[in-house]
Amino acid sequence: MAGLSGYRSLAPKTKNLVVAGGLTGFVFGVYFYTMRAVGGTDELQMAIDKFEEQKSEKEAEPSMPSKV
C-alpha cells in the first residue's frame, strides 16, 4: 500500500488531475479498441442501404385496387 500513501499526500488539485488523466486515458483506450474491433466494416450502413432500396421498390410498385 505504499502507492496509496503517496497518493494521499498529494494536494487535492493534483489528485483531481491524476484521476482525470486516468479516466481520460481509459476512455480513449476503450474508444480506440472499439474502433479497431469493428474495423471499418460497414455492415450497418450496407443494411440501411438495402432496406431503403427495398422500401423504394415497394413504393414504386403500382398498387392494385382490391376487388371487394
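Structure's up top.
All chains use their own residue numbering, which begins from 1 and follows the written sequence. This being a predicted model, a pLDDT of at least 70 is required before a residue's local features are given, and a value of 80 or more before pairs of side-chain atoms are given or counted; all residues contribute to the totals for chains, interfaces and linings. In computing side-chain values, all of the structure's heavy atoms are included and hydrogens and water are not.

Chemist: When you look at a negative patch on the surface in this model, what are you seeing that I'm missing?
Modeler: Nonpolar side chains (Val, Leu, Ile, Met, Phe, Trp, Tyr) within 5 Å and like charges within 9 Å form the patches, drawn only from residues with over 30% relative accessible area and no salt bridge. All accessible areas in this document rest on Shrake-Rupley with a 1.4 Å probe, and a residue is counted as covered only by the protein chains that are shown. A side-chain nitrogen of Lys or Arg and a carboxyl oxygen of Asp or Glu constitute a salt bridge if their distance falls within 4 Å. A positive count includes Lys and Arg, and a negative count includes Asp and Glu. His and the chain ends are not counted in either. Each charge is placed at NZ for Lys, CZ for Arg, CG for Asp and CD for Glu. Side chains of Asp-42, Glu-43, Asp-49, Glu-52, Glu-53, Glu-57 and Glu-61 sit close together on the surface and give a patch of like negative charge. Helix and strand definitions follow DSSP, with helices as H or I runs of at least four residues and strands as E runs of at least two, each counted in order from the N terminus. Within the secondary structure layout, Asp-42 lies in the loop between helix 2 (12–38) and helix 3 (43–60). Residue classification places Asp-42 among the partly exposed residues on the basis of a relative accessible area of 47%. For every residue, the accessible area obtained with a 1.4 Å probe (protein chains only) is divided by the maximum for its type, and the residue is called buried under 20%, exposed over 50%, and partly exposed between those limits.

Chemist: Help me understand a nonpolar patch on the surface in this model?
Modeler: Residues Phe-28, Tyr-31, Phe-32, Met-35 and Val-38 make up a contiguous nonpolar surface patch of roughly 530 Å² in combined accessible area. Mapped onto the fold, Phe-28 is located in helix 2.

Chemist: Please clarify how the packing of aromatic side chains should be interpreted in this entry.
Modeler: Each aromatic ring pair is specified by the distance between its two centres and by the angle formed by the two planes. Two aromatic rings from Phe, Tyr or Trp, using only the six-membered ring of Trp, form a pair when their centres are within 6.5 Å; if the ring planes differ by under 30 degrees the pair is stacked, by over 60 it is edge-to-face, and anything between is tilted. According to the stated counting rule, one finds two aromatic pairs in the structure shown. Ring geometry for Tyr-31 against Phe-32: centres 5.2 Å apart, planes inclined by 75°, an arrangement best described as edge-to-face. Look at Tyr-31 and you get partly exposed, because its relative accessible area is 45%. Classification of Phe-32 as exposed rests on a relative accessible area of 52%. An aromatic cluster is built from Phe-28, Tyr-31 and Phe-32, whose rings are joined through pairwise contacts. The aromatic ring of Tyr-7 is capped on one face by Lys-15, whose charged end is 5.8 Å from the ring centroid. A ring is considered to have a charge above it if a Lys NZ or an Arg CZ atom is located within 6 Å of its centre and within 35 degrees of its normal.

Chemist: Whenever I open this one, helix 2 confuses me. Can you help?
Modeler: For the α-helix, the turn length of 3.6 residues means that residues three or four positions removed from each other point alike. One fewer than the residue count of a helix, multiplied by 1.5 Å, yields its expected span. Helix length check: helix 2 (27 residues) gives 39 Å between terminal C-alpha atoms against 39 Å at 1.5 Å per residue, within 8%. In the segment just after helix 2, Gly-39 is the residue with positive phi, at about 55°.

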